[in-house]
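# Commentary on secondary and tertiary structure
Read off the chains here:
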Amino acid sequence: MEKKWWKEAVAYQIYPRSFKDSNSDGIGDLNGITEKLDYLKDLGIDLIWICPMYKSPNDDNGYDISDYQEIMAEFGTMADFDRLLQQVHERGMRLIIDLVVNHTSDEHPWFLESRSSRDNPKRDWYTWRDGKEGAEPNNWEGIFKGSTWEFDPQTEQYYLHLFTRRQPDLNWENKEMRAAVYDMMRWWLDKGIDGFRIDAIAHLKKEPLFANVPNPDKLRYAPSMKSHLNYDGLLEYVDDMSRNVLKNYDIVTVGEMNGLFADHAEEWVGEHRGRLNMVFQFEHVRLWEPEAGLRPEPAVLKKIFTAWQEALEGKGWNALYVENHDLTRITSRWGDTEHHWRESATCIAALYFLMQGTPFIYQGQEIGMTNTRFESLDDFDDVSVKNIWREMEAQGKSEAEIIAFLTHTGRDNSRTPMQWNSWPNAGFSDGTPWFKVNTNFEMINVAIQQQDPDSVLNFYRSLIQLRKQQRALIDGRYVLELPDHPQIYAYRRVLEGMEFVVLCNMSSKSARWRGEQLPLEWAECVLGNYPKVDEIYRLHPWETRVYKIS
Ligand code: GLC
Ligand code: CA
């Protein structure tokens, strides 16, 4: 496979609103990010992805864009962005931005024109349909609940929106619309950004007839994913985008690709295909769904991660991640914050970080930030949480049940302000933060962890250094070890005579294995999250070790 800078990189995702406030208005901003670049560089970060920083009415915190070529006033100015980009490059790092083109804001001028009359030239840039018998054109339920259609009295038609009603979907069938999107992409690339994380790319293509979906439970609106998630023909749009824009630049692209399974991964990121460089696949994200139970069995994780590792070996590249702004905190979800917070945070870190692919760290993950406490509806901010709340209330669920559910699934958990130090507001802001700081900030923060050699932060630092020094940990083939062990997730990385073994006890009980199954007598333990190796074939709760074999 080709050598590429982004394969060697370690990436860091920033949610600007919650990262660092530089002007005391309580909202994180671009200058706040610039202030913290030395922190990221020092951690070993090479590539930064920032979530949307464009002009937006903030119905979905910036994922509803009203001008692709303007900066959200709360976040700063275009001059601030240019300085950020320049400062990133000056430090030898790279910056990618979020490309949100499945939909715009309902305040985007394209939509304002489109809705103005049935014969407006931009009418077809979005999807408009007549109602059926005084109701929506079909029974599709949206990703954030409710119908995917909104009636617009001005022209007496409905428009399609898979997310909130303030996020109308662009119509990718329309060639002029696509050309306008490509112009916008080139404008940013010519400015010097290093690539895109492509939002909701899985949904660009819709079932062309907009037919009703089966509705055996007689719901008002029925789950509609089958009609727009990774729908047949989607790759034609990706090819079109690649031909017109992506392939003409030396950049990195990561598509947010729900609905893609390992057996088709190569079609998306196969190196010779020239489509995308990586995808954020969702197979392990589904484990956040309530049916999956609270903590996944190691067997489930082994199956999913191994399938992706094997499917792309020698063919394409994985994006590795366990947190982002749409998920709850990983240590709260997969780990044990009550008894083994530090050990489980570091164990999960080693688990995903040393597989083959480019590892992404979500802000705060590197200090083991946890889920937060919500006491009432007012404590939440996220529009999807609010919709789920309404829906559960209508189903007769009690407030306590709803909060319990949202605590384990709600996106707000990862959106609390970054915990920098033990000062008021965790050092995030001198003003009143837009969103409540997690009350544990005096125990979990960057400043404390910088002083502590055994902290989660310093463990991440060591992981990053180790990966950078060892080619086998970048290019090496992944081989699952101890496949049937109920507690231990173990894998090997192999590259021309160099081998590493990563061992993770994914449980709060100690775990043993037999030396014949995975002998380590001659191996050197190069990283671990306990002070020393107490017993070679037994791991403490959430113990992780990395061994160099040869
Ligand atoms: C993606 C984003 C999410 C957003 C949605 C709609 O899933 O990650 O935050 O709400 O797209 O743009
Ligand atoms: Ca601010």
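This write-up is about the structure you can find in this document. (Residues numbered from 1 in each chain as written. Chains lettered and ligands numbered in written order. Predicted model: local features only at pLDDT ≥ 70, side-chain atom pairs only at ≥ 80, totals over all residues. Heavy atoms only, no water.)

### Looking at the site of ligand 1
Taken together, 13 residues form the shell around ligand 1, and within it Asp60, His103, Asp199, Glu256 and Asp326 come nearest. In the model, an oxygen atom of ligand 1 is placed 2.5 Å from a nitrogen or oxygen of the Asp60 side chain. Taking Glu256, its side chain carries an N or O atom lying 2.8 Å from an oxygen atom of ligand 1. For ligand 1, whose unbound accessible area comes to 310 Å², protein coverage reaches 95%. (Near = heavy atom within 4 Å. Polar contact = N/O pair within 3.5 Å; in protein donor to acceptor, adjacent residues only side chain to side chain. Areas by Shrake-Rupley, 256 points an atom, 1.4 Å probe, with all protein chains shown as cover.)

### Observations concerning the coordination of the calcium ion (ligand 2)
Looking at the calcium ion (ligand 2), one finds its protein donor set to be Asp21 (OD), Asn23 (OD1), Asp25 (OD), Ile27 (O) and Asp29 (OD), positioned 2.2 to 2.3 Å from the metal centre. Written as a sequence motif, the donor arrangement for the calcium ion (ligand 2) is D-x1-N-x1-D-x1-I-x1-D. The exposure class assigned to Asp25 is partly exposed, which follows from its relative accessible area of 37%. For Ile27, a relative accessible area of 11% translates into the label buried. (Donors = N, O, S within 2.8 Å, 3.2 Å for Na, K, Ca; no water. Buried < 20%, exposed > 50% of the residue type's maximum accessible area, 1.4 Å probe, protein only.)

### Things to note about the side chain of Asn421
Position of Asn421 among the secondary structure elements: in the loop between α13 (399-409) and α14 (446-451). Looking at Asn421, its side chain comes within polar contact range of the main-chain nitrogen of Gly427, at 3.3 Å. Once you skip the residues sitting within four places of it in the chain, Asn421 turns out to touch Ala426, Gly427, Phe441, Asn445 and Ala447. (Helix = DSSP H or I, 4+ residues; strand = E, 2+ residues; numbered from the N terminus. Contact = heavy atoms within 4.5 Å.)

### Here's the deal with the pairing of strand β16 (residues 477-481)
Two elements, β16 and strand β17 (residues 488-495), share five bridges in a ladder whose sense is antiparallel. In the strand pairing of β17, Val479 is matched with Arg492. The hairpin formed by β16 and β17 contains six residues between the paired strands, and Leu482 there has a positive phi angle of roughly 45 degrees. (Pairing = 2+ DSSP bridges.)

### Brief notes about the pairing of strand β12 (residues 252-257)
Burial analysis of β12 places six of its six residues in the buried class, the great majority of the element. Burial along β12 is two-sided: the face carrying Val252, Val254 and Glu256 and the face carrying Thr253, Gly255 and Met257 are both buried. Relative to β12, strand β10 (residues 195-198) runs parallel, the two being bridged by four bridges. Each bridged residue has a counterpart across the sheet, and for Phe196 the counterpart in β12 is Thr253. The pairing of β12 with strand β13 (residues 278-281) spans four bridges and is parallel. The partner of Gly255 across the bridge, within β13, is Val279. Where the polypeptide runs from β12 across helix α8 (residues 262-269) and back to β13, its parallel neighbour, the crossover connection is right-handed. (Right-handed = clockwise from strand over helix to strand, strands pointing away.)

### A look at α13
Within α13, burial applies to Ile402, Ile403, Leu406, Thr407 and Thr409. Considering only its buried residues, α13 is in contact with α10 (330-333) and α12 (383-394).

### As for the sheet that holds strand β6 (residues 128-129)
Within a sheet, adjacent strands bond to each other through the backbone by hydrogen bonds, running parallel or antiparallel. Overall, antiparallel pairing links the three strands, which are arranged β6-β9-β8 in an open sheet. Only two strands of the sheet have a single neighbouring strand rather than two, namely β6 and β8 (149-152). Both β8 and strand β9 (residues 157-160) contribute to a ladder of four bridges, which runs antiparallel. Note on β9: the bridge partner recorded for Asp152 is Gln157.

### Looking at the sheet that holds strand β1 (residues 11-14)
Judged by pairing direction, the sheet is parallel, and its eight strands sit side by side in the order β13-β12-β10-β5-β2-β1-β15-β14 without closing on themselves. Since the sheet does not close on itself, it has two edges, and those belong to β13 and β14 (319-320), each with one partner. For β1 and strand β2 (residues 47-50), the ladder comprises four bridges, and the chain directions are parallel. In the strand pairing of β2, Tyr12 is matched with Ile48. Where helix α4 (residues 78-90) meets the sheet, its contacts fall on β2 and β5 (94-99), and the angle it forms with β5 comes to roughly 140 degrees. (Axes fitted to C-alpha atoms, helices over the stretch in contact; angles between N-to-C directions.)

### Remarks on the packing of α12 against α13
Where α12 meets α13, the closest approach of the two axes is 10 Å, and the angle between their N-to-C directions is 145 degrees. α12 and α13 meet at a crossing whose hand is right-handed. Contacts from Val385, Ile388, Trp389, Met392 and Glu393 of α12 reach α13 at Glu399, Glu401, Ile402, Ile403, Phe405 and Leu406. A class-by-class count of the residues in the contact of α12 with α13 yields eight nonpolar, no polar and three charged. (Left-handed = near helix turned anticlockwise from the far one by under 90°. Nonpolar A, V, L, I, M, F, W, Y, C, P; charged D, E, K, R; others polar.)

### Digging into unusual backbone geometry
One non-glycine residue, Asn61, adopts positive backbone phi at about 45 degrees. Mapped onto the secondary structure, Asn61 falls in the loop between β3 (54-55) and β4 (67-71). Positive phi values are uncommon outside glycine, yet Leu482 reaches one of about 45 degrees. Structurally, Leu482 can be placed in the loop between β16 and β17.

### Some words on the nonpolar core
In terms of nonpolar packing, the biggest core is built from 143 residues, with Ile50, Phe81 and Trp268 touching the most fellow members. Aside from chain neighbours lying at most four places away, what touches Trp268 is Ile201, Asn230, Leu234, Leu235, Val238, Met257, Leu260, Arg275, Leu276 and Val279. (Core = buried A, V, L, I, M, F, W, Y, C linked by side-chain atoms within 4.5 Å.)

### Regarding the pattern of salt bridges
In total, this model carries 43 salt bridges according to the counting rule given. One salt bridge connects Arg492 with Glu481, and the closest N-O pair in it is separated by 2.7 Å. With Arg492 in strand β17 and Glu481 in strand β16, this pair connects stretches of sequence that are eleven residues apart. Judged by relative accessible area, Arg492 falls into the buried class, the value being 17%. Its relative accessible area of 12% is what places Glu481 among the buried residues. Look at the salt bridges and you will find they share partners, linking Asp60, Asp326, Asp382, Arg411 and Arg415 into a network. (Salt bridge = Lys/Arg side-chain N within 4 Å of Asp/Glu carboxyl O.)

This is a description of form; function is not addressed.
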